[in-house]
Amino acid sequence: MAATIKNISIFLFFLGFISQGNVFPGYCETCSLKDLYVKTSKTGVTIQGKPEWLVTVTNNCQCGQTQVILNCRGYKTVEPVDPNILTYSGTDYCLINNGKPIYKQPITFKYAWDTAFSMSPNSSQITC
Ligand SMILES: *[C@@H]1O[C@H](CO)[C@@H](O)[C@H](O)[C@H]1NC(C)=O
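Please read all numbers here as calculations on a predicted model, not as lab measurements. (Residues numbered from 1 in each chain as written. Predicted model: local features only at pLDDT ≥ 70, side-chain atom pairs only at ≥ 80, totals over all residues. Heavy atoms only, no water.)

**Student:** Hey, could you go over the pattern of salt bridges for me, with residue numbers and the actual values?
**Tutor:** In this structure the tally under the stated criterion is two salt bridges. Taking the shortest distance from any N to any O, the salt bridge between Lys50 and Asp114 comes out at 3.2 Å. Of the two residues, Lys50 sits in strand 2 (residues 50-59) while Asp114 sits in the loop between strand 6 (107-112) and strand 7 (120-127), which places them 64 residues apart along the sequence. The partner of Asp92 in a salt bridge is Arg73, with the nearest N and O atoms 3.0 Å apart. One end of the pair, Asp92, is in the loop between strand 4 (86-88) and strand 5 (93-96); the other, Arg73, is in the loop between strand 3 (64-71) and strand 4, with 19 residues separating them in the sequence. For Asp92, a relative accessible area of 24% corresponds to the partly exposed category. (Salt bridge = Lys/Arg side-chain N within 4 Å of Asp/Glu carboxyl O. Helix = DSSP H or I, 4+ residues; strand = E, 2+ residues; numbered from the N terminus. Buried < 20%, exposed > 50% of the residue type's maximum accessible area, 1.4 Å probe, protein only.)

Next comes the structure, spelled out in structure tokens:
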């Protein structure tokens, strides 16, 4: 009995590894926009009289997400942000990472303005 449980554990352990490599087609189907988290925090630094904000975009999905767009209406900054990390549409949207996939490694950027903008995921595509 104990041996059987051990074997099952080993099997599940390896299954986990295989899944990471996306060998199983439907594996990413559980991934969605909800796996993206946006966190904003104050860095404590002041730039041109405005507080600096650190934004972290985390993808908790096993698969990459491309074309990640955040709601960021009215976005402004006095601190230049690398356009490869964030591009503002000029209206409502911010494209993150120039549309390139975001994996487990969070994407971070900093901007400076009087108030923090509430950024939330608007859309993305799951890549497998
Ligand atoms: C995406 O942006 C559009 C336009 O601002 C808005 O109507 C829609 O609700 C947004 N979707 C999400 C998931 O935030």
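**Student:** Please provide a residue-by-residue account of the packing of aromatic side chains, values included.
**Tutor:** Applying the stated criterion across every chain, the model contains four aromatic pairs. Ring geometry for Tyr75 against Phe117: centres 6.0 Å apart, planes inclined by 55°, an arrangement best described as tilted. You can see Tyr75 sitting in the loop between strand 3 and strand 4 and its partner Phe117 sitting in the loop between strand 6 and strand 7, a full 42 residues away along the chain. Since its relative accessible area comes to 13%, Phe117 is described here as buried. Positioned over the ring face of Trp113 is Lys50, at 4.6 Å from the centre of the ring. (Phe/Tyr/Trp six-rings, centres within 6.5 Å; stacked < 30°, edge-to-face > 60°. Lys NZ or Arg CZ within 6 Å of the ring centre and 35° of its normal.)

**Student:** Tell me what's going on with the environment of Asp92, and back it up with residues and numbers.
**Tutor:** As for Asp92 and Arg73, which are separated by 19 residues in sequence, their C-alpha atoms are 4.1 Å apart. Contacts of Asp92, omitting those with residues within four sequence positions, involve Leu70, Asn71, Cys72 and Arg73. (Contact = heavy atoms within 4.5 Å.)

**Student:** Give a description of unusual backbone geometry that names residues and reports values.
**Tutor:** In this model, Gln48 sits at a positive phi of 45°, which is unusual for a non-glycine residue. With respect to the helices, strands and loops of the structure, Gln48 is situated in the loop between strand 1 (36-47) and strand 2. Using a relative accessible area of 63% as the deciding quantity, one classes Gln48 as exposed. Located in the positive-phi region is Asn98, a residue other than glycine, with phi close to 55°. Within the fold, Asn98 resides in the loop between strand 5 and strand 6.

**Student:** Help me get a handle on the pairing of strand 5, residues and values and all.
**Tutor:** Residue alternation in strand 5 divides its side chains into a buried set, Cys94 and Ile96, and an unburied set, Tyr93 and Leu95. Sheet analysis places strand 3 next to strand 5, joined by three bridges and oriented antiparallel. Residue pairing for strand 5: Asn71 is matched across the bridge by Tyr93. Inspection of the sheet shows strand 4 paired to strand 5 by three bridges, in the antiparallel sense. Bridge pairing in strand 5 links Leu86 to Ile96. Between strand 4 and strand 5, which pair antiparallel and follow one another directly, the connecting turn spans four residues, one of which, Gly90, has a positive phi of 95°. (Pairing = 2+ DSSP bridges.)

**Student:** A description of the side chain of Asp35 should follow, citing residues and the corresponding values.
**Tutor:** With respect to the element layout, Asp35 can be found in the loop between helix 1 (2-20) and strand 1. Summary of buried charges: Asp35 has no salt-bridge partner, and the nearest side chain of opposite charge, Lys104, is 8.0 Å away. There is a polar contact of 2.8 Å between the side chain of Asp35 and the backbone nitrogen of Ser32. When sequence neighbours within four positions are dropped, the list of residues in contact with Asp35 reads Thr30, Thr58, Asn59, Asn60, Cys61 and Gln65. (Lys, Arg positive; Asp, Glu negative; His and termini not counted. Polar contact = N/O pair within 3.5 Å; in protein donor to acceptor, adjacent residues only side chain to side chain.)

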